[in-house]
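# Understanding the architecture of this molecule
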Protein chains: 2
Amino acid sequence: MKPIVEIAKTAGIDENDLELYGKFKAKLSNDLWEKVKDRQDGKLILVTAMNPNPAGAGKTLTTIGLSQALNLLGKKTIAALREPSLGPCMGIKGGATGSGKAQILPADEINLHFTGDIHAITAAHNLLAAMIDNHIFQGNPRGLNPKKIVWKRAMDMNDRALRNIVIGLGDSNGMTREDGFMITTASEIMAILCLSESLADLRDRLAHIIIGYDFDDQPVRAEEVNAVEAMVVLLKEAIKPNLVQTIEGTPVIIHGGPFANIAHGCSSVIATKTALKLADYVVTEAGFGADLGAEKFFDIKCRKAGLTPAAAVVVITVRSLKYNAGVKVADLAAENLDALEKGFANVKRHLENLEKFGVPAVVAINHFATDTQAEVEKVIALCQEAGAEAALSNVWAEGGAGGTELAEKVSRAAERPSQFRLLYEEELTVKEKIETIVKEVYRGSGVVFSPGALKTIQKVEEMGMSHLPVCMAKTPYSFTDRPDILGAPTDFTIQVSEIRVSAGAGFIVALTGSLVTMPGLPKKPAAELLYVDEDGVINGLS
Amino acid sequence: MKPIVEIAKTAGIDENDLELYGKFKAKLSNDLWEKVKDRQDGKLILVTAMNPNPAGAGKTLTTIGLSQALNLLGKKTIAALREPSLGPCMGIKGGATGSGKAQILPADEINLHFTGDIHAITAAHNLLAAMIDNHIFQGNPRGLNPKKIVWKRAMDMNDRALRNIVIGLGDSNGMTREDGFMITTASEIMAILCLSESLADLRDRLAHIIIGYDFDDQPVRAEEVNAVEAMVVLLKEAIKPNLVQTIEGTPVIIHGGPFANIAHGCSSVIATKTALKLADYVVTEAGFGADLGAEKFFDIKCRKAGLTPAAAVVVITVRSLKYNAGVKVADLAAENLDALEKGFANVKRHLENLEKFGVPAVVAINHFATDTQAEVEKVIALCQEAGAEAALSNVWAEGGAGGTELAEKVSRAAERPSQFRLLYEEELTVKEKIETIVKEVYRGSGVVFSPGALKTIQKVEEMGMSHLPVCMAKTPYSFTDRPDILGAPTDFTIQVSEIRVSAGAGFIVALTGSLVTMPGLPKKPAAELLYVDEDGVINGLS
């Protein structure tokens, strides 16, 4: 690792605009934006993916490797990534900082406490919760209906026992009521932090959070329990983007990491905009496959922040193609050319979808050791047939050098004039927006709304919030709302079971099926593998 | 503020032994201890107090001011203080970093997230909790009795609604059982961090935490749910002491802040020992009055860490004297010489107690604007009558310059050869230890144990842990267990309602009366006063 001061220099950031957290991590000062804001933007590259198999597709890996490769080609590039949260690191082995020769450093620190952003969000979230219950306890002047409080509590831990709880038991402990914890990344405050353009914008969004409803069923906002300014105080440092480096010294801005289902699943607007002022290319990623991640990146983040993506990378793996052809997980390593052809239907649909957004796409075949030569050639041929540029990416084994072909193709695609367009207009009703996404992106025949969802949609209209974009919460494994229907299905409907309002973040969440916002630990938690060795180094994390 | 690198230099700390958190905060590297450990120790000064009035006595203020004053006298001094937690800052206005011209900087950051130590403790605490419930959920191979889990959850927030809760409701969410949250400073992990001498010691203590009992009523330790190494990973940075500065540039090591009732209430052993190697004088404080704070500082911290205090400062205020004479809070500002004489009985008893420990004491009269000249003279005369050195301390208004007389007297007291002795031997039974503290320090006639307390004491004996020192949890306002019995009462008994075992921290907690380990927010929480102004500065905190 190089000192972060040196990495900053390569990105044109002066030492005075850094707030150091040790030698290898820094926050970017508020002043930096003022200094660079009038510069021309670099080109924004979105890394997305086909529907993943349960082991993932290698999107973060490819994002890191591509940024390294672009730098190798002499193009000044910054990667803009999501911030991992520590809870999940205790569940399934592996952090979210890439691996092999395409990773971000210092990986352990980034995966655990990092610069404290997520701890700060947890604190702000729970302060609001405590202020709500204290408001009721102290006489409830606002008339909050304790049965209709929608603001839960948050913790950055995988702890299923806290999903559904009863609080306020016993004498002098407040109103007894049902409640629950979500993991902090699912907090609306995380989504807000990631969509805010400034501290003032953050304050405004926090004020608008709907915490519950009063006895007249009217929404009650965070500002009505006087929690907003104190939340801003707690988030004052967390809103500043973090600078780290890849294993090859590429600058990486890591900032924010909202859930990709209940929220929009991409890193912060502040980080993206800052990176665009500092580099010729900014490589960023969105959660899950393109049906969810790219659609929300475009229709929520780009819409709100006025961003124009220049190109997209669709990460695919031979494994994921086979998985989408119905091959069992245990058999994914075996050569199977027929399955590749069948599974490719899934990729083709994602490519068609990206065309609808006017974003040129390049396919990155993230290479696995089990891929055979014949399989790789087959996939490249399939891409060519579909009219798509494709490149084998071997960044795990080779770092940036394993991604230069991809980098060249991405760079050429990004040079074309942008045709970027959003999928729907704000003026559509909530139902129309959902129907548009389902028909145009998922290719379903229609949407079935539960009575509860319809009731909330009516409420959204009454509250004058129909203009907000929609954030779909759907399984990532399928274009449908059922994880077992793979490939490129048609003739299906999407069931919207529930609608939630993220009035502060500024979107309407449409839930298809059940949504768990607090993960659990598996039988053998990854926490059991972690240890600090005699040299003080953390082992077992990635 | 001077750059922390410069402050470090004045303490003889090389820049390479600092891990910077911005320009004004740093952690001390593990290597530093190796470099300085063979040096001679400086003199350890304990700042304690008479029984406080509800508004506090100014112990932290005096600790800071005295360290500044000693430096003014040319004595190389470091203050070693407790780390504030952010939860309480949202409740009652005011941080824990001193005020006026005797304060620690950057106050806002220290009072809120600081370097993330308390967030790390919260994470480690809740990881253990999640591992316990997951252990049961995944089949409960160890046979943990869900009705006898004593490890609760933790949060750094004042949130009374979480005191008593039911967790694990609903399908697939684990065992439904009663639980509760404590504020993080009450976590045994906080006490452990403060008593550990190294990362290895920390690991060992974490392993010994009793998380609950099995179906045969045998204790189950944290190591039996495989959570220990991961907790060490989470606490790896938190165990390093933090360096900041006073408003006059005196180096301050702030590290750890355990509750003064359920735990021993003083900053970390690592911080104290490091400071003693770096300075001629180390000024530190213990929670509450001398009956609780000093007794635990000596009998728990000094016993365990092999520390020898050179002198003690007893902070008193004219207000506290009057309060101890029974004057109502509303009348504390009015001159009342008779009340001073009556209230002084409280101070006298604390001075006698410190003599029992063989520690020379100096009385610091922490000056308030409402104190009259006659009152101050009266108090000084009372101290002289009692054979005690006393000095007026005006460090709030004048900084170190307002504490030079105190500093001179303290320095002279500390030059005398140490007569330090512990109050009781480890070999005594738990009951005998408690009785010794009650009779020798509180001056009660005896102890009444509840049947539950007696049962746990028997359990402690069976588990072979009778040798541990006792940590008394008692009201700070009185020598008795009733906050309304002030002054220097005699002929009372202490009721021990419950015994808890902190096997990792290494003490037996004796609870007198009820103990709330999770505070609530008041009617007008301090959180409502906080805001970030247009210059990005936090207002309303102190």
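A quick note: this is a predicted structure, and the numbers were derived from the prediction, not measured. The residue numbers shown here count from 1 along each chain, following its written sequence. Labels are handed out in written order, letters beginning with A for the chains and numbers beginning with 1 for the ligands. The predicted nature of this model means local features are confined to residues of pLDDT at least 70 and side-chain atom pairs, given and counted, to a pLDDT of 80 or more, with totals for whole chains, interfaces and linings taken over all residues. As a rule here, side-chain values come from all non-hydrogen atoms in the structure, and water together with hydrogens is ignored.

### Quick notes on the packing of aromatic side chains
Residues and elements named next belong to chain A. Between the rings of Phe, Tyr and Trp (Trp by its six-membered ring), a pair exists once the centres lie within 6.5 Å; its type follows the angle of the planes, with under 30 degrees stacked, over 60 edge-to-face, and the other angles tilted. By the definition in use, this model includes eight aromatic pairs over all chains. Considering the side-chain rings of F298 and F357, the 4.7 Å spacing of their centres and the 45° angle between planes classify their relative orientation as tilted. In this pair, F298 is assigned in helix α11 (residues 290–305) and F357 in the loop between α13 (337–356) and β18 (361–366), connecting sequence segments 59 residues apart. Buried residues are those whose accessible area, probed at 1.4 Å on protein chains only, stays under 20% of the maximum for their type, while exposed residues exceed 50% and partly exposed ones sit between those limits. Looking at F357, the relative accessible area reads 3%, which means it is buried. Clustering of aromatic rings is evident, with ring pairs tying together F297, F298, F357 and F420. Each helix corresponds to a stretch of at least 4 residues labelled H or I by DSSP, and each strand to a stretch of at least 2 residues labelled E; elements are numbered beginning at the N terminus.

### What to know about the environment of A414(A)
Residue and element names in this part refer to chain A. Secondary-structure assignment places A414 in helix α16 (residues 404–415). Residues A414 and R203 lie 211 residues apart in sequence; the distance between their C-alpha atoms is 35 Å. Any two residues whose heavy atoms approach within 4.5 Å at even a single point are treated as in contact. When residues no more than four places from it in sequence are discounted, the contact partners of A414 are K43, I45, Y281, A310 and A311.

### Details of the domain arrangement of chain A
For an interface, size is often stated in terms of accessible area lost upon the parts coming together. Residue and element names in this part refer to chain A. Domain annotation of chain A identifies domain 1 (4–112 + 238–414), domain 2 (117–233) and domain 3 (430–512). Boundary definitions for the domains trace back to an automatic or database domain assignment. Using only C-alpha atoms to locate each centre, domain 2 and domain 3 end up separated by 25 Å. At the interface, 13 residues of domain 2 touch 10 residues of domain 3. The term buried area means the drop in 1.4 Å probe accessible area that two parts suffer when joined, counted for both and summed. Carbon and sulfur atoms supply 58% of the area buried between domain 2 and domain 3, which totals about 780 Å² over both sides. Salt bridges are defined as contacts in which a side-chain nitrogen from Lys or Arg sits within 4 Å of a carboxyl oxygen from Asp or Glu. Across the contact surface, domain 2 and domain 3 share one salt bridge. The salt bridge involving D217 is made with K459; its shortest N-O contact spans 3.9 Å. Think of a polar contact as two N or O atoms within 3.5 Å of one another; within protein, one of them needs to be a possible hydrogen donor and the other a possible acceptor, and neighboring residues in sequence only count if both atoms come from side chains. On inspection of domain 2 and its partner domain 3, the count reaches six residue pairs in polar contact (both at pLDDT 80 or more). Looking at the side of domain 2 that touches domain 3, the elements that each hand over two or more residues are α7 (188–195), α8 (199–208), β12 (210–214) and β13 (219–221). At four residues, α7 tops the list of elements feeding residues into the side of domain 2 that touches domain 3.

### Things to note about the nonpolar core
Definition of nonpolar core: a set of buried residues of the types Ala, Val, Leu, Ile, Met, Phe, Trp, Tyr and Cys, connected through side-chain atoms within 4.5 Å. Grouped together as the largest cluster of nonpolar side chains are 318 residues, with contacts concentrated most on M90(A), I434(A), M90(B) and I434(B). Setting aside residues up to four positions removed in sequence, I434(A) forms contacts with V447(A), F449(A), V470(A), M472(A), V496(A), I499(A) and A510(A).

### Observations regarding the environment of H208(B)
Residues and elements named next belong to chain B. Relative to the elements of secondary structure, H208 occurs in helix α8 (residues 199–208). Taking C-alpha positions, H208 is 29 Å from R160, a pair spaced 48 residues apart along the chain. Residues contacting H208, with those up to four places away along its chain left out, are R221, A503 and G504.

### What about the packing of helix α7 (residues 188–195) of chain B against α8(B)?
Residue and element names in this part refer to chain B. At a minimum axis distance of 9 Å, the contact between α7 and α8 shows a crossing angle of 150°. By the angle class used here, α7 and α8 are roughly antiparallel. Our pair here, α7 against α8, has a crossing hand that is right-handed. Of the residues in α8, those touching α7 at I189, I192, L193 and L195 are D201, L202, R205 and L206. Nonpolar residues are Ala, Val, Leu, Ile, Met, Phe, Trp, Tyr, Cys and Pro. Charged residues are Asp, Glu, Lys and Arg, and all others, Gly as well, are polar. In terms of residue class, the contact of α7 with α8 is made up of six nonpolar, no polar and two charged. For every element, the axis is a line fit to its C-alpha atoms; helices are fit only across the contacting stretch, and the angle between N-to-C directions ranges from 0 to 180 degrees. Put simply, angles under 35 degrees are roughly parallel, angles over 145 are roughly antiparallel, angles from 65 to 115 are roughly perpendicular, and the rest are oblique. Take the far helix as your reference; a near helix turned counterclockwise from it by less than a right angle gives a left-handed crossing, and one turned clockwise gives a right-handed crossing.

### A word on helix α18 (residues 451–462) of chain B
All names here are of chain B. How far a helix is expected to stretch is found by multiplying one less than its residue total by 1.5 Å. An ideal rise of 1.5 Å per residue puts 16 Å on 12 residues; α18 measures up with 17 Å between its terminal C-alpha atoms. Within the span of α18, buried status applies to A453, I457, K459 and V460. Along the long axis of α18, the arc covered by the buried residues comes to 160°, so they all point the same way. Exposed residues lying more than 90 degrees from the buried face of α18 are P451, K455 and E462. Residues of α18 that are buried in the fold lie against β12 (210–214), α17 (430–442), β20 (446–449), β22 (493–496), β23 (498–502) and β24 (507–511). Looking at the residues trailing α18, positive phi occurs at G464, about 70°. As used here, the arc belongs to the directions running from the helix axis to the C-beta atoms.

### Describing the sheet that holds strand β24 (residues 507–511) of chain A
Residues and elements named next belong to chain A. Only strands that DSSP links by at least two bridges are regarded as paired with each other. Read across the open sheet, the three strands follow the order β21-β24-β23; overall the sheet is mixed. Each edge of the open sheet is held by one strand with a lone partner, namely β21 (470–473) and β23 (498–502). Across the sheet, the mean angle from the axis of one strand to that of its neighbour is 25°, orientation sign disregarded. As defined by bridge partners, β21 adjoins β24 across four bridges and the pair is classed as parallel. For M472, the partnering residue across the bridge sits in β24 and is A510.

### With respect to the relation of the copies chain A and chain B
Placing chain A over chain B gives an RMSD of 0.0 Å and needs a rotation angle of 180°, together with 0.0 Å of translation along the axis. Accordingly, the operation relating the two chain copies is best matched by a two-fold axis. Within chain A, Y21(A) has its C-alpha nearest the rotation axis, a separation of 2.2 Å. Of the residues that chain A buries at the interface, 100% are likewise interface residues in chain B, meaning the two copies contact each other through the same surface. When the copies are overlaid, the least-squares fit takes in C-alpha atoms only where the residue has pLDDT of at least 70 in both copies.

### So, the sheet that holds strand β21 (residues 470–473) of chain B
All names here are of chain B. Read across the open sheet, the three strands follow the order β21-β24-β23; overall the sheet is mixed. Of all strands in the sheet, those bounded by a partner on one side alone are β21 and β23. In this sheet, adjacent strand axes meet at a mean angle of 25° when their direction is disregarded. As defined by bridge partners, β23 adjoins β24 across five bridges and the pair is classed as antiparallel. Note on β24: the bridge partner recorded for R500 is V509.

### Some remarks on the interface of chain A and chain B
The interface is formed by 62 residues belonging to chain A together with 62 residues belonging to chain B. For the pair chain A and chain B, the summed buried area comes to about 5,300 Å², and 64% of that belongs to carbon and sulfur atoms. Contact with chain B buries area across many residues of chain A, yet R160(A), V233(A) and V532(A) alone supply 11% of it, more than any other trio. Taken together, the links from chain A to chain B amount to two salt bridges. Note that R153(A) is salt-bridged to D159(B), the shortest N-O span being 2.9 Å. Joining chain A to chain B, the criterion identifies 27 residue pairs in polar contact (both at pLDDT 80 or more). Among the elements of the structure, β1 (18–20), α6 (117–137), β8 (153–155), β9 (165–167), α8, α9 (228–235) and β25 (531–532) of chain A are those that each provide at least two residues to the side of chain A that touches chain B. The element best represented in the side of chain A that touches chain B is α6(A), accounting for 10 residues.

### A short note on empty space enclosed by the protein
Here a cavity is any set of points on a 1 Å grid over the protein atoms alone where a 1.4 Å probe fits but cannot get out, and a pocket is any open set with protein on both sides within 12 Å along at least 5 of 7 lines; a residue lines the site when it has an atom within 4 Å of a point. Grid points are joined across faces, edges and corners, and a volume is the space filled by probe spheres set on the points. Applying the stated rule across the entire model yields seven cavities of 30 Å³ or more. Its boundaries defined by the atoms lining it, the largest cavity holds a volume of some 220 Å³. Around the largest cavity, the lining is made up of 16 residues, and of these H119(A), T122(A), N126(A), H119(B) and T122(B) lie nearest the centre. Taken together, the elements giving at least two residues each to the lining of the largest cavity come down to α6 and β8 of chain A together with α6 (117–137) and β8 (153–155) of chain B. Looking at side-chain class alone, the lining of the largest cavity contains eight nonpolar, six polar and two charged residues. When its volume is computed, the second largest cavity comes out at roughly 50 Å³. Considering the residues around the second largest cavity, the lining is formed by E83(A), P84(A), L86(A), L112(A), H113(A), F114(A), G116(A), D117(A), I118(A), H119(A) and D156(A). At three residues, α6(A) tops the list of elements feeding residues into the lining of the second largest cavity.

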